[in-house]
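Coordinates in review
Below are the chains, spelled out letter by letter.
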Amino acid sequence: MRVFRFVLSLLVTTLLCWQLMVPQAAGDKKLPPIGSFFNPFSGFWKNAEPASGFYYGNPEIPGLRGRVQVVYDDLLVPHIFAESMEDAVRVQGYVTAQHRLWQMDIATRKASGRLSEVLGERTVAIDRLSRRRGMVFAAENDLKAWNRSPESSRMLEAYSAGVNAYIKNLSPADYPIEFKLLDYAPEPWSPLKTALVVEAMAENLCSRDDDLASTNALALFGKDTFDYLYPEWNPKQQPIIPDTGQWKNWQPAAAGAGQLSLNQSKNTDNQSIKPTPAFETDPYVEGSNNWAVAGSRTRSGHPLLANDPHLTLSLPSIWFQLQIHTPAQNCYGVSLQGVPGIIIGFNENIAWGVTNVSHDVSDWYRLQWADPGHNRYMVDGVAQDVVEKIEIIDIKGKEPLRDTVRYTVWGPVVYDFNPDHPLRDCALRWITHDEPEPGGSIVFMALNAGKNYDDYRKALAAYDCPAQNFVFATRSGDVAITVQGRYPVRAPQQGRFILDGSRQSDAWQGFVPAERVPAMKNLSRGFVFSANQNSTPPSYPYYYLGGFEDYRSREIFDRLDVLKNATVDSMKAIQLDNFSRRAADALPVMLALLDRSRLDAEGKKMADELAAWNFRYDADFTAPPLFDVWFDSCYDKTWDEMDRMESMLIPESWRTIELLEKDTASIFFDHPATTWRESARDIVNESFGLMQAYFRQNPQKRSSWGKFMGFTLKHLALIDAFSRMDVVVGGHRTAPNAMQKTHGPSWRMIVDLGDRVRGYGVFPGGQSGNPGSKFYDNMVDTWAKGAYYDLLFLGSAEEVSTRILGKQTFSPSPQ
Amino acid sequence: MRRALYIFLFVFLTGHLCRFGLPWWGIVPLGALAGWLLPLSAARSFGAAFAGGFLLWMLNAWLPDSANEGLLSAKTGQLFLGLKSGHLLLVTGILGGLLAGMGAVTGFFARELYVGSKSNP
């Protein structure tokens, strides 16, 4: 009996412990091991930060040369005061990790294809593609080049050491809550991880191409129809750099050097236009605005600069605000987790901001295999060996996946693991795989310390990828913009279609020389701007292609063009502008084609409401949902014959509007299945009916644009409890306030370059990455209502301000 | 009664060793030790140790939670079937109590077995 009682109680106790030790599930949700997660001494309760007070200690960290003071303001922005940039960067690494460690970890895991190590089988496909696209290969090439610059290497090491000084002092109790939820531990940082963060940004911003879809479209339609459907130049475009005769005498050295194989039938392999399984491609959603207005147009007579990069919005926020003060610089702005220096910001003399350059810098080369095992391929009749790279993807709870990636002179063969993939025999030539300039990693630090236009141009010279439009202004009155990046020299149309990998002459013909990259300074019109539109008009002698923005840029141009006596408030008004040029272009055309006599009472009411709409996507407006559903149906019905094919290029929306307006009898308005020949008028009326039907079925979608768009701010691991699902905002991707369901202005910044430089800014999130901190999402509501914070730009660590929360002092640790 | 109080105090006080790196299940052997050293009936050992473990875990969760104004517990509760902050504290206490209590019962029975085997040759 006694034995039995003892054994039973021991068994029950052991079972209880076991149950609390293994991961659990609630419904379909995975839960962490309950015992360690609820344990108040090391579980999630330790992440409940005090809601008031200042509780950061004064760490000693190795490698510091002097004492560094970090002053925190009431938004938890660290203001770093250091004796040298190296010390500042070391502490930047430390404080960034202090607030955003899990975000840093998961971002580099995603870029390097290592998510499955901690998330299990569900992310294997994502990891595999990251590896096969050569993300780590690209990061290793970055590092190889950066290490050739001693300063660059020193800064990267200092940043890494700062992050690691923070990690080293952590006990499991101190880990960010996501580590506890997902049940794994942080690993040390390294310069390679910084390169991976940069590559993740490149993947995000410059990995888009339409090569396969264009090749298919060309094969199906032939050249004339192709040119009719997909013109490269939108006549309404308002390019970043106007033609002022500056490139009249430039002869691209390589244009016409090789005869390209554009229209050869082997590139337009008929097999690839048959319906194939859908391969997911991201819709083109990233964009940004920036501009600088010269003193001639401002009330103060000093320049104003504005920037709002539009990215996938998430919590924790993509940006981290920071001030870095050293004897050589005093700079404020936003940084990226894992990257030393400030990316977008201002100092006592200058301000700058970035938008993405939408050039296509990734091409596909169809290989001619020399052997059935695909170990060799032909280039100009000579067989070359592929270089095999073995990728081992570790998967939590499963056997690792071994994968072999073949690298060619063009780049990796990405899709050959899937015999059905239309790009299975193609290699990816992608600019981000190339070694960058050695100084590439310290571009932003040089910019942070810049004092004038020459410093800015000198700093940018080493910047190549992902290409960015760097807008710039100085307190002394200069405004400028540079379409900075490394661009291949292409023959006309080269890279629009899949290229022939068996011919060296299909290779890129070198790169556009730095001094011929589009740029301008102090134009008489008194402003510079960009919004992801074409860099230049077609007269620019270097051929380029890409996905260019057609609406925001025109609206911003028109607003800047009439500015007089501009103030910070006028800049805010443009950033928050919900006016859509797409709606303004399309709606009058569509209303003119609409046959009102055939509408029912409800339809007439809707048409009236649309006719009275001012083309603004305000959150509480009810007309925008009507227009968007109508326009989207109209677009889909116009291109329905292509929509059914996989990997087919669909014409751009501006071209669709142009056809609705000017070519109503176009054969593309016809539905092939009917005996009747439809025109634009039929499509517009049919889609109006579809719109009515849609709202009859979804009456709740009718209530307002904000509700219709359904904006969400998701946690990076899609944990709903750590997301903000209650934010209602207006805006539209075709309006300067480029809001979408999960994308939008990730940092709104305005800088007034007066006698004393002042900055205003806000981002949808908070400085802390801890969902248990009030600084996790404290700026979200301010952002949603279109308000800004005055950025606290301190002159010294001793400066008195009511906004100071506390100080953290860093000292060198005795070694 | 006094012995029950000792068990309670033993578990509650030594349990704070978990603050210094003892794993979360450390409270089980601590409960067992209390059950062995301070023999009562099985039920009373369990009860006294449960109370000690409950208070230990609950209190150490409640203190940071109240300083945090319940911000994190409200979010974490959503992950666990929509529990409210207070319920989460209760669950935490019960877990600590169960672990300590089961440890104490096991310790008590172990002693019974050991002592019993000696006294009954």
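Residues numbered from 1 in each chain as written. Chains lettered and ligands numbered in written order. Predicted model: local features only at pLDDT ≥ 70, side-chain atom pairs only at ≥ 80, totals over all residues. Heavy atoms only, no water.

This part takes up the overall build of chain A. Within chain A, the secondary structure is distributed over 22 helices and 29 strands. Here chain A, with 815 residues, has 62% of them falling under the buried criterion. Sequence separation of at least 24 residues holds for 72% of the intrachain contacts in chain A that already meet a minimum separation of 6. Split by element, the accessible area of chain A, about 31,000 Å² in all, is 52% carbon and sulfur. The positive charge centre, built from 84 side chains, and the negative charge centre, built from 97, are 3 Å apart in chain A. (Helix = DSSP H or I, 4+ residues; strand = E, 2+ residues; numbered from the N terminus. Buried < 20%, exposed > 50% of the residue type's maximum accessible area, 1.4 Å probe, protein only. Contact = heavy atoms within 4.5 Å. Areas by Shrake-Rupley, 256 points an atom, 1.4 Å probe, with all protein chains shown as cover. Lys, Arg positive; Asp, Glu negative; His and termini not counted. Charge placed at Lys NZ, Arg CZ, Asp CG, Glu CD.)

For the rest of this paragraph, the subject is the pairing of strand E9 (residues 319-326) of chain A. Regular strands have side chains that alternate between both faces of the sheet. All names here are of chain A. For E9, the tally of buried residues reaches 8 of 8 residues, placing the bulk of the element in the interior. Alternating positions in E9 separate into two faces, Trp319, Gln321, Gln323 and His325 on one and Phe320, Leu322, Ile324 and Thr326 on the other, with burial throughout. Here strand E5 (residues 78-81) runs beside E9; their pairing, made up of 3 bridges, is parallel. If you follow Phe81 over to E9, its bridge partner there is His325. Pairing of E9 with strand E10 (residues 329-336) involves 8 bridges; the strand directions are antiparallel. Its bridge partner lying in E10, Phe320 is registered against Ser335. Hairpin remark: E9 followed by E10, antiparallel, with 2 residues in the connecting loop. (Pairing = 2+ DSSP bridges.)

Here the focus is empty space enclosed by the protein. If a probe the size of a water molecule is rolled over the atoms, the empty space left behind becomes visible. All names here are of chain A. With the rule as written, the count across this model stands at 6 cavities of 30 Å³ or more. Computed from the structure, the largest cavity encloses a volume of approximately 500 Å³. Val198, Phe444, Tyr463, Cys465 and Pro466 are, among the 37 residues lining the largest cavity, the residues nearest its centre. Of all the elements in the fold, those that place two or more residues in the lining of the largest cavity are helix H6 (135-146), helix H9 (191-206), strand E6 (287-293), strand E7 (304-312), strand E12 (350-356) and helix H11 (443-448). (1 Å grid on protein atoms, 1.4 Å probe; cavity = no way out; pocket = protein on both sides within 12 Å on 5 of 7 lines; lining within 4 Å. Points joined across faces, edges and corners; volume = space filled by probe spheres on them.)

Attention shifts here to the pairing of strand E18 (residues 426-430) of chain A. Residue and element names in this part refer to chain A. For E18, a buried count of 5 out of 5 residues is recorded, marking the element as mostly surrounded by other parts of the structure. Residues Cys426, Leu428 and Trp430 line one face of E18 and the alternating positions Ala427 and Arg429 line the opposite face, and both faces are buried. Across 5 bridges, strand E13 (residues 362-366) lies against E18 in antiparallel orientation. Along E18, the bridge assignment pairs Trp364 with Leu428.

Turning next to the packing of helix H1 (residues 2-14) of chain B against helix H2 (residues 27-37) of chain B. Residue and element names in this part refer to chain B. The N-to-C vectors of H1 and H2 enclose an angle of 155°; their axes lie 9 Å apart at closest approach. With respect to their mutual orientation, H1 and H2 come out roughly antiparallel. Both H1 and H2 take part in a crossing whose hand is right-handed. In contact with Ile7, Phe10, Val11 and Thr14 of H1, H2 contributes Ile27, Leu30, Gly31, Leu33 and Ala34. (Axes fitted to C-alpha atoms, helices over the stretch in contact; angles between N-to-C directions. Parallel < 35°, antiparallel > 145°, perpendicular 65-115°, else oblique. Left-handed = near helix turned anticlockwise from the far one by under 90°.)

On to the interface of chain B and chain A. The interface is formed by 42 residues belonging to chain B together with 41 residues belonging to chain A. Looking only at chain B, the three residues that lose the most surface to chain A are B:Trp24, B:Leu72 and B:Leu79, adding up to 20% of its buried area. Between chain B and chain A we count 1 salt bridge in total. The closest approach of N and O atoms between A:Arg5 and B:Glu112, which form a salt bridge, is 2.5 Å. Where chain B packs against chain A, one counts 9 residue pairs in polar contact (both at pLDDT 80 or more). Of all the elements, helix H5 (residues 85-119) of chain B adds the most residues to the side of chain B that touches chain A, at 16 residues. Split into classes, the residues belonging to the side of chain B that touches chain A amount to 25 nonpolar, 12 polar and 5 charged. (Buried area = accessible area lost by both parts, 1.4 Å probe. Salt bridge = Lys/Arg side-chain N within 4 Å of Asp/Glu carboxyl O. Polar contact = N/O pair within 3.5 Å; in protein donor to acceptor, adjacent residues only side chain to side chain. Nonpolar A, V, L, I, M, F, W, Y, C, P; charged D, E, K, R; others polar.)

Attention now goes to the packing of aromatic side chains. Residues and elements named next belong to chain A. Counting across every chain of the model gives 57 aromatic pairs over all chains. Taken together, a centroid distance of 5.8 Å and an interplanar angle of 50° make the contact between Tyr540 and Tyr542 tilted. With a relative accessible area of 7%, Tyr540 lands in the buried category. By way of ring pairs, the aromatic residues Phe579, Trp613, Phe615, Tyr617, Phe627, Phe631, Tyr635, Tyr694, Phe695, Trp705 and Phe708 are connected into one cluster. Lying across the ring of Tyr228, Arg655 places its NZ or CZ 4.9 Å from the centre. (Phe/Tyr/Trp six-rings, centres within 6.5 Å; stacked < 30°, edge-to-face > 60°. Lys NZ or Arg CZ within 6 Å of the ring centre and 35° of its normal.)

Here chain A averages 92 in pLDDT, and 95% of its residues register 70 or above. Every residue in residues 256-283 of chain A is under pLDDT 50, and counting partners more than four places away or in other chains gives 51 contacts. (pLDDT = per-residue confidence, 0-100.)

Right, let's get into the sheet that holds E13(A). Sheet architecture is open: 3 strands sit in the order E18-E13-E21 (chain A), paired in mixed fashion. The two strands at the open ends of the sheet, each matched to only one other strand, are E18 and strand E21 (499-500) of chain A.

What the 11 strands build is an open sheet, ordered E3-E29-E4-E5-E9-E10-E11-E12-E19-E20-E22 (chain A); its pairing is mixed. Strands at the two margins of the open sheet, each flanked by one partner only, are strand E3 (60-61) and strand E22 (519-521) of chain A.

A few words now on the packing of helix H16 (residues 601-612) of chain A against helix H20 (residues 680-697) of chain A. All names here are of chain A. Relative orientation of the contacting elements H16 and H20 amounts to 105°, with a least axis distance of 11 Å. Relative to H20, the element H16 lies roughly perpendicular. Residues Glu602, Gly603, Met606, Ala607 and Leu610 of H16 form the contact with H20, whose participating residues are Phe688, Met691, Gln692, Phe695 and Arg696. The residue makeup of the contact of H16 with H20, split by class, is 6 nonpolar, 2 polar and 2 charged.

Let's shift gears to unusual backbone geometry. Cis geometry is adopted by the peptide bond preceding A:Pro316, which originates at A:Leu315 and carries an omega value of -10°. Residue A:Pro466 is bonded to the preceding A:Cys465 through a cis peptide linkage, with omega at -5°. Tracing the sequence through the fold places A:Pro466 in the loop between helix H12 (453-460) and strand E19 (468-474). The backbone of B:Leu81 shows a phi angle near 55°, a positive value even though the residue is not glycine. Considering the arrangement of structural elements, one finds B:Leu81 in the loop between helix H4 (71-79) and H5.

Turning to the layout of surface pockets, a few remarks are in order. All names here are of chain A. Its boundaries defined by the atoms lining it, the second largest pocket holds a volume of some 670 Å³. Secondary structure elements with two or more residues in the lining of the second largest pocket: helix H3 (85-111) and helix H8 (177-182). Element by element, the count of residues in the lining of the second largest pocket is highest for H3, at 8 residues. Residue composition of the lining of the second largest pocket, by class: 16 nonpolar, 11 polar and 5 charged.

Quick look at the pattern of salt bridges now. Residues and elements named next belong to chain A. In this structure the tally under the stated criterion is 50 salt bridges over all chains. Lys223 serves as the salt-bridge partner of Asp227, at 2.6 Å between the closest nitrogen and oxygen. A residue pair is termed a helical-turn pair when its members lie 3 or 4 positions apart in one helix, as Asp227 and Lys223 do in helix H10 (residues 211-229) at 4 residues. The exposure class assigned to Asp227 is partly exposed, which follows from its relative accessible area of 33%.

This part is about the environment of A:Asp500. Residue and element names in this part refer to chain A. Of note, Asp500 is situated in strand E21. Under the relative-accessibility criterion, Asp500 is labelled buried at 4%. When the C-alpha positions of Asp500 and Asp142 are compared, they lie 27 Å apart, and in sequence the two are 358 residues distant. A distance of 2.7 Å separates the side chain of Asp500 from the side chain of Ser502, its partner in a polar contact.

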